[in-house]
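Examination of the molecular architecture
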Amino acid sequence: MSTEPTVCFIESLGFLEEQTHKEGEIISRTLQLSGKSSAYAYIRTEDELKAVAKEFGESNHRYLHLSCHGTVNAKGRATGFHLTTGQVASNDMAEILAPYVANRRVFLSSCLAARSTFARSLLDQSKCLSVLAPMNSIKFDDAAVFWTAFYHLMFKGGKRSMPVNRIKKNVGICASLVQERFRLYYRCDDDSVENVTIGPLTKPATG
């Protein structure tokens, strides 16, 4: 299927956050303000996630952006994703998305998402080109700044593709703005999967 360089945002938050923390909606609206088409869907359940993922797969959007909270176990290890009414384990999320992301890129606004098994599992189960996610917990405002700046740079000048070298360069620029680290998992020409961590090693001292 032929795709266009546009982003589909899928977002899910807690009930009490829905009026104030829709970071994915903010990024989507910012893209539209700059004349870049995007789609936005707010979901609350796993069934809705599956339905929207299928619609994305049947659409001509090339990039998928997930905005939701990450989940951790008792040891603080990243295990999956929060939806409004439940949780989805990392491997289950990969299984849900895998049929719909061939030759597409996935971006995550979920805390600790780069530390879970999701990215590797998705790339193993599909022909997804890459997954980009934050390494640590990231504030809503920092995430909104990072992703808005990232997409602005990636699409600047009418660019119609996201080669890995440009992703790495622009992640580095935007990560420095918010002093956060991100990890990019990407498929190489020989179909192997590599990953690289991008961003400052330490946060600047405050006070």
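The coordinates are above.
Thresholds, definitions, all that
Residues numbered from 1 in each chain as written. Predicted model: local features only at pLDDT ≥ 70, side-chain atom pairs only at ≥ 80, totals over all residues. Heavy atoms only, no water. Helix = DSSP H or I, 4+ residues; strand = E, 2+ residues; numbered from the N terminus. Expected span 1.5 Å × (residues − 1). Buried < 20%, exposed > 50% of the residue type's maximum accessible area, 1.4 Å probe, protein only. Pairing = 2+ DSSP bridges. Axes fitted to C-alpha atoms, helices over the stretch in contact; angles between N-to-C directions. Contact = heavy atoms within 4.5 Å. Left-handed = near helix turned anticlockwise from the far one by under 90°. Nonpolar A, V, L, I, M, F, W, Y, C, P; charged D, E, K, R; others polar. Salt bridge = Lys/Arg side-chain N within 4 Å of Asp/Glu carboxyl O. Polar contact = N/O pair within 3.5 Å; in protein donor to acceptor, adjacent residues only side chain to side chain. 1 Å grid on protein atoms, 1.4 Å probe; cavity = no way out; pocket = protein on both sides within 12 Å on 5 of 7 lines; lining within 4 Å. Points joined across faces, edges and corners; volume = space filled by probe spheres on them.

1. A few points about helix H5 (residues 140-155)
Taking 1.5 Å as the rise per residue, H5 with 16 residues should run 22 Å; its terminal C-alpha atoms sit 22 Å apart, in good agreement. For H5, the set of buried residues is Ala-143, Ala-144, Phe-146, Trp-147, Ala-149, Phe-150, Tyr-151, Met-154 and Phe-155. Immediately downstream of H5, the backbone of Gly-157 shows phi near 75 degrees, a positive value.

2. Digging into the sheet that holds strand E6 (residues 86-89)
Adjacent strands of a sheet pair through backbone hydrogen bonds, lying either parallel or antiparallel. Spatial strand order, E4-E5-E6: three strands in an open sheet with antiparallel pairing. Two strands bound the open sheet, and with one partner strand each, they are strand E4 (70-72) and E6. Taking each pair of neighbouring strands and ignoring which way they run, the sheet shows an average axis angle of 45 degrees. Strand direction decides the pairing type here: strand E5 (residues 78-83) and E6, joined by four bridges, are antiparallel. In the strand pairing of E6, Phe-81 is matched with Val-88. Against the sheet, helix H3 (residues 90-97) contacts E5 and E6, and its axis sits at roughly 80 degrees relative to E6.

3. Brief notes about unusual backbone geometry
Positive phi outside glycine occurs at Leu-112, with the angle close to 65 degrees. With respect to the helices and strands, the residue Leu-112 is situated in the loop between strand E7 (105-108) and helix H4 (118-125).

4. Notes on the packing of H5 against helix H6 (residues 164-178)
Their axes nearest at 9 Å, the elements H5 and H6 cross at an angle of 145 degrees. Where H5 crosses over H6, the two elements pack in a sense that is right-handed. Contact residues: Asp-142, Val-145, Phe-146, Ala-149, Phe-150, Leu-153 and Met-154 in H5; Arg-166, Ile-167, Asn-170, Val-171, Ile-173, Cys-174, Ala-175, Leu-177 and Val-178 in H6. Among the residues making up the contact of H5 with H6, the classes are represented as 13 nonpolar, one polar and two charged.

5. Observations regarding the pattern of salt bridges
Counted under the stated rule, the structure contains seven salt bridges. Notably, a salt bridge pairs Glu-46 with Lys-50, separated by 3.7 Å at the nearest N-O pair. Taken together, the residues span about one helical turn, with Glu-46 and Lys-50 both in helix H2 (residues 46-58) at a distance of four residues. Judged by relative accessible area, Glu-46 falls into the partly exposed class, the value being 33%. Linked through salt bridges whose partners overlap, the residues forming this network are Lys-127, Arg-187 and Asp-191.

6. Concerning the side chain of Ser-90
Take Ser-90: it is sitting in helix H3. There is a polar contact of 3.4 Å between the side chain of Ser-90 and the side chain of Ser-116. Beyond its immediate sequence surroundings of up to four residues, Ser-90 is in contact with Thr-79, Gly-80, Phe-81, Ser-116, Thr-117 and Phe-118.

7. Observations concerning empty space enclosed by the protein
Under the definition given, this model contains one cavity of 30 Å³ or more. Approximately 50 Å³ is the volume found for the largest cavity. In terms of lining residues, the largest cavity is bounded by Ile-10, Glu-11, Ser-12, Ile-43, Leu-49, Leu-66, Ser-67, Cys-68, Leu-83 and Met-93. Contributions of two or more residues to the lining of the largest cavity are made by strand E1 (4-11) and strand E3 (61-67). Here the lining of the largest cavity is composed, by residue class, of seven nonpolar, two polar and one charged.

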